[in-house]
Amino acid sequence: MGRATAAEVDRKATFAGVPFLAKELGSSWQGAPLTNSSSYMKDLVAQADSETVRRVKAAGFVLVGKSNAPENGWSISTEPKLYGATINPWKEGITAGGSSGGTAAAVASRMVQVSEASDGAGSIRIPASCCGIVGLKPSRGRVTLAPDGDFWYGGAYFLCHSRTVRDTAAYLDAVAGALPGDAYVPPRPAESWLDLSRRAPKRLRVGYTVTSNNGTPVDPQVRATVLATAKALEGLGYDVEEHDMALDGNDAWSTYCHMGPVENGSDVRKPGRGRRPTRHARRRRADHLGRDRARPVDQRCRACA
């Protein structure tokens, strides 16, 4: 596909001719696989471009492949049965993270300069941390999800992995923006993010925590690294303070685990049916889950457990 489209690239585009990987999770690139790394969807091919993919093409990127992801994105490690495990390019035996583990490993190993990533609960940020690259989750509504109206109630969005803040800023310039009907429309700055990235940062307030919000112990090495980073930021002139998050991690995870399967299930087209469930049908499922959670555990719907 890359060879076929390379001749059509606008040579004046920002990323003209730059090789690109699309994430194999919810990214609709016409003619490319759309398996979500699931054996159930292994023969599915995208029939049209999403709006973000259209913007990626207009920016001059050339698709050379798709990057690995866990099945339906449901893991912070990338080891789908369909495609096998993604290896961290820095050290064998260390996870590349997930769900954008394939894209992070590709960028870290310099296979490509920029690669598509998406994030609903850390899926851009975790692999970026594991692989030592730049990973930014965009604000809610910053990048349209069209033709889909929403993912995870404003929780999941697409952007990229790169090796520099500059490249990430330029990519955001290329893909940002809402369309009529989008659920969330944040304001856009007057200047480009690329121009803004060149400015020296102002004095920042930085909060950190070394306390888990779900009561689990924090690894001593992680704690030491966080404290060392806080001290380094303080040495750069920033206002740094410890700030534990007022969040019940266990309750949030329970909500997330109920919400995710409903969204994933609604995105899987059943054999012989080309139409996705309507927004009304998805809302009924979400309402059902909300009522189900109020019941005692032993009385909950087995299909939603």
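Thresholds, definitions, all that
- Residues numbered from 1 in each chain as written.
- Predicted model: local features only at pLDDT ≥ 70, side-chain atom pairs only at ≥ 80, totals over all residues.
- Heavy atoms only, no water.
- Phe/Tyr/Trp six-rings, centres within 6.5 Å; stacked < 30°, edge-to-face > 60°.
- Helix = DSSP H or I, 4+ residues; strand = E, 2+ residues; numbered from the N terminus.
- Salt bridge = Lys/Arg side-chain N within 4 Å of Asp/Glu carboxyl O.
- Buried < 20%, exposed > 50% of the residue type's maximum accessible area, 1.4 Å probe, protein only.
- pLDDT = per-residue confidence, 0-100.
- Contact = heavy atoms within 4.5 Å.
- 1 Å grid on protein atoms, 1.4 Å probe; cavity = no way out; pocket = protein on both sides within 12 Å on 5 of 7 lines; lining within 4 Å.
- Points joined across faces, edges and corners; volume = space filled by probe spheres on them.
- Nonpolar A, V, L, I, M, F, W, Y, C, P; charged D, E, K, R; others polar.

A. Spotlight on the packing of aromatic side chains. Counted according to the given criterion, the structure contains 6 aromatic pairs. Considering the side-chain rings of Phe15 and Phe61, the 4.4 Å spacing of their centres and the 20° angle between planes classify their relative orientation as stacked. Placement of the pair is Phe15 in the loop between α1 (2-6) and β1 (19-23) and Phe61 in the loop between α2 (51-58) and β2 (62-67), with a sequence separation of 46 residues. Between Phe20 and Phe61 the ring centres are 4.8 Å apart and the planes differ by 45°, which places this aromatic pair in the tilted class. Taken together, the positions of Phe20 in strand β1 and Phe61 in the loop between α2 and β2 put the pair 41 residues apart, joining distant regions of the chain.

B. Region of interest: the pattern of salt bridges. What the rule picks out here adds up to 12 salt bridges. Glu191 is the partner of Arg199 in a salt bridge, and the nearest nitrogen-oxygen pair spans 2.2 Å. Relative accessible area serves as the criterion here: at 36%, Glu191 is assigned to the partly exposed category. Residues Asp195 and Arg198 are paired through a salt bridge, measuring 2.9 Å at the closest nitrogen-oxygen approach. Owing to a relative accessible area of 37%, Asp195 belongs among the partly exposed residues under this scheme. When salt bridges with common partners are traced through the structure, they connect Glu51, Arg54 and Arg55 into a single cluster.

C. Structural detail: the confidence of the model for the protein. Per-chain confidence: the protein averages 87 in pLDDT, with 87% of residues scoring 70 or above. Note on residues 270-286: pLDDT is under 50 here. Beyond four places in sequence and across chains, it has 20 contacts.

D. Focus on the layout of surface pockets. Roughly 1,200 Å³ of internal volume is contained in the largest pocket. If you go around the largest pocket, you meet 40 residues; those closest to its centre are Ile76, Ala121, Ile126, Asn213 and Met245. Elements represented by at least two residues in the lining of the largest pocket include exactly α4 (125-131), β6 (205-208), α7 (220-235) and α8 (249-267). Considering each element in turn, the lining of the largest pocket owes the most residues, 7 residues, to α7. Its residues assigned to classes, the lining of the largest pocket shows 20 nonpolar, 17 polar and 3 charged.

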